[in-house]
Amino acid sequence: MNEEENNFNSINNNNNMNNNNNNNDNININSEQKNKKLSKILLMGKCGVGKTSMRSIIFANQAPKDTFVLGYTSEVAETRLKFMGNLIFNLLDCGGQEQFMKQYFETKRESIFSKVGVLIFVVEAVKTEKKLEKQDNIEDLTYFENCINALNEFSPDAKIFVLIHKMDLIKEQNKQKEIFEMKKKELESKSKNFEIKCFATSIWESSLYKAWTEIVASLTHNLSSIQESLKNYAIACNAEEVILFEKNTFLLTCSYSNKKIQDEQRFEKISHIIKKFKLSCMTMSSNFKSMIIQTRNFTTYLDKFTKSTYIMVIISDKSPNLELLKLNTKLCRKKFEEKLEYSLNN
């Protein structure tokens, strides 16, 4: 198992919450981290909507095509995830079978819904069985409303994200927008005093990275000082753009650009492409470390940066001094490490 995989738990759909607590989730947590409050994330939705697949793609370095072998989650699969080195997320992937959902809202209501930082609720954009679509939609809304009521009782400050998933099954773009807006309106009508944020997602597209980037960002501390440092670094290197990605997930951490970004999903598309390349390296038993892409109009340099990040630098200069760029990156690495650690711990 390589370095990236060691930082995350292997996914076992047969583990329930008690089993996961017993094996301590394969994460070594030092005494300082034990005293820190874990960010609790609930991943909920009906059986078969794709919760475990998206979790394995983002956090366990699985390719989308490999997620079809994953079985249904039984009860609650609890996973502790390290992010940016120091942050620990307690992710509860809640099985969506009816018998388990009944337990969540009755016998396990308080234990499931107490101290929740984020609820991620997943619904399918379309149902494969058209004759059951209306009934399934009613069940989705009922399930969501039950979650809202439980959070209102035990975690009124929780943030709520809804992923309207499997959008790739709708071929027409106009139809995608129509269904997304309809689903969003229905879910907002059940959200009561909570503000919800909806995303249209697919495991085959960068939209999944867009959603999870915002979800994780809602749980991290203010990184404005890092962004200012990125700006100074970009000026020193004569770079147009500098981007920091979390090392294992390749989710966007923060960025600086001296131009207006036209594409709203630019960073997530980059994450998606690099993650796919990284996975292809892993299948060939190769370790992905760095990359340089040079064209007539720009140069892109990607390399490991701090212990928990990769850095991407984009320069328009047709013949940049790459050795000087690498040296500048090396010289500021320690300072960024210190700044990141301070920002995430305070």
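What counts, and where the lines are drawn
- Throughout, residues of each chain are indexed from 1 in the direction in which the sequence is written.
- Totals for whole chains, interfaces and linings use every residue, but because this is a predicted model, local features are given only for residues with pLDDT of at least 70 and side-chain atom pairs only at 80 or more, for both listing and counting.
- Calculation of side-chain values draws on the structure's entire complement of heavy atoms; hydrogens and water are dropped beforehand.
- Under the scheme used here, helices are H or I runs from DSSP no shorter than 4 residues and strands are E runs no shorter than 2 residues, and both carry numbers assigned from the N terminus.
- Note on definitions: a residue-residue contact is assigned when non-hydrogen atoms from the two residues lie within 4.5 Å.
- Pairs of N or O atoms are called polar contacts if they sit within 3.5 Å, as long as, within protein, a hydrogen donor faces a hydrogen acceptor (for residues adjacent in sequence, only side-chain-to-side-chain pairs).
- Every case where a carboxyl oxygen of Asp or Glu lies within 4 Å of a side-chain nitrogen of Lys or Arg is listed as a salt bridge.
- Note on exposure labels: buried denotes an accessible area under 20% of the residue type's maximum, exposed denotes more than 50%, and partly exposed covers the range between, all computed with a 1.4 Å probe on protein chains only.
- Expected span, for any helix, means 1.5 Å times one less than how many residues it has.
- We define the bend at any residue as the angle between the axes fitted to the seven residues before and including it, ending there, and the seven starting there.
- At least two bridges found by DSSP between two strands are what make those strands a pair.
- Assignment of crossover handedness uses the view with strands pointing away from the viewer, where a clockwise path from the first strand over the helix to the second indicates a right-handed crossover.
- Angular values range over 0 to 180 degrees, each being the angle between N-to-C directions of two axes fitted as lines to C-alpha atoms, with helices fitted over their stretch in contact.
- Like-charged residues are merged into a patch within 9 Å and nonpolar side chains (Val, Leu, Ile, Met, Phe, Trp, Tyr) within 5 Å, provided each residue has over 30% relative accessible area and no salt bridge.
- Areas reported here follow the Shrake-Rupley algorithm with a probe of radius 1.4 Å; residue values treat only the protein chains shown as occluding.
- Centres within 6.5 Å are what make two rings of Phe, Tyr or Trp a pair, Trp counting through its six-membered ring; a difference in plane orientation under 30 degrees is then read as stacked, over 60 as edge-to-face, and the rest as tilted.

## A closer look at the environment of Ala 234
Now for step 1: Structurally, Ala 234 can be placed in helix H10 (residues 224-236).
Now for step 2: Sequence separation of Ala 234 and Ile 314 is 80 residues, and the distance between their C-alpha atoms is 9.1 Å.
Now for step 3: When neighbours within four sequence positions are excluded, Ala 234 is seen to be in contact with Ala 239, Val 242 and Tyr 256.

## A look at the side chain of Thr 213
Now for step 1: Among the secondary structure elements, Thr 213 is positioned in helix H9 (residues 207-217).
Now for step 2: Reaching out from Thr 213, the side chain makes a polar contact with the backbone oxygen of Tyr 209 at a distance of 2.7 Å.
Now for step 3: Apart from the residues lying within four places of it in its own chain, the contact partners of Thr 213 are Leu 251, Leu 252 and Glu 268.

## Some thoughts on the pattern of salt bridges
Now for step 1: For the structure shown, the criterion picks out 14 salt bridges.
Now for step 2: As a salt-bridge pair, Lys 269 and Asp 263 come within 2.7 Å of each other at their nearest N and O atoms.
Now for step 3: A residue is classified by how much of its surface remains accessible, and Lys 269, at 37% relative accessible area, is partly exposed.
Now for step 4: Ionic pairing is found between Asp 303 and Lys 289, a salt bridge with its closest N-O pair at 3.3 Å. Of this pair, Asp 303 sits in strand S10 (residues 299-304) while Lys 289 sits in the loop between helix H11 (266-283) and strand S9 (290-294), placing them 14 residues apart in sequence.
Now for step 5: Judged by its relative accessible area of 8%, Asp 303 falls in the buried class.
Now for step 6: The structure contains a network of salt bridges with shared partners spanning Lys 197, Lys 210 and Glu 214.

## Overview of helix H12 (residues 322-345)
Now for step 1: Relative to the 34 Å expected for 24 residues at 1.5 Å per residue, H12 spans 34 Å between its end C-alpha atoms, a close match to the ideal helical length.
Now for step 2: Its axis deflected by about 40° at Arg 333, H12 carries its strongest bend there.
Now for step 3: Tucked into the core, H12 has its buried residues touching strand S3 (87-94), H10, S9, S10 and strand S11 (309-315).
Now for step 4: In this structure Asn 321 caps H12, since a side-chain oxygen of it lies 3.3 Å from the backbone nitrogen of Glu 323.

## Some thoughts on the pairing of strand S5 (residues 159-165)
Now for step 1: For S5, the buried fraction is high: six of the seven residues fall into the buried class.
Now for step 2: Here strand S4 (residues 118-124) pairs with S5 via seven bridges, running parallel. Looking at the pairing, Val 122 lines up with Leu 163 of S5.
Now for step 3: Once you follow S5 into helix H8 (residues 173-188) and on to strand S6 (residues 196-200), the crossover reads as right-handed.

## What about the sheet that holds S9?
Now for step 1: Strand order across the open sheet formed by five strands is S8-S7-S11-S10-S9, with antiparallel pairing between neighbours. Only two strands of the sheet have a single partner each, and these edge strands are strand S8 (252-257) and S9. Strand-to-strand, the axes of this sheet are offset by a mean angle of 10°, without reference to chain direction.
Now for step 2: Where strand S7 (residues 241-246) meets S11, six bridges bridge the pair, whose relative direction is antiparallel. Note on S11: the bridge partner recorded for Leu 244 is Ile 311.
Now for step 3: Most of the contacts of H11 go to S7, to which it runs at about 55°, and overall it touches S7, S8, S9, S10 and S11.

## Some points on a nonpolar patch on the surface
Now for step 1: Nonpolar side chains collect at one region of the surface, where Leu 324, Leu 327 and Leu 331 lie side by side and expose about 300 Å² of accessible area between them.
Now for step 2: With respect to the helices and strands, the residue Leu 327 is situated in helix H12.
Now for step 3: We classify Leu 327 as partly exposed; its relative accessible area is 42%.

## Concerning the packing of aromatic side chains
Now for step 1: In this structure the tally under the stated criterion is eleven aromatic pairs.
Now for step 2: Geometrically, the ring pair formed by Phe 105 and Tyr 143 is edge-to-face, given 5.7 Å between the ring centres and 85° between the ring planes. Pair noted here: Phe 105 is in helix H5 (residues 98-105) and Tyr 143 is in helix H7 (residues 133-154), with a separation of 38 residues, a long-range link. Assigned by exposure class, Phe 105 and Tyr 143 land together as buried.
Now for step 3: For the ring pair Phe 245 and Phe 250, a centre distance of 5.8 Å and an interplane angle of 45° mean the geometry is tilted.

Interpretation in functional terms is not warranted from these geometric data alone.
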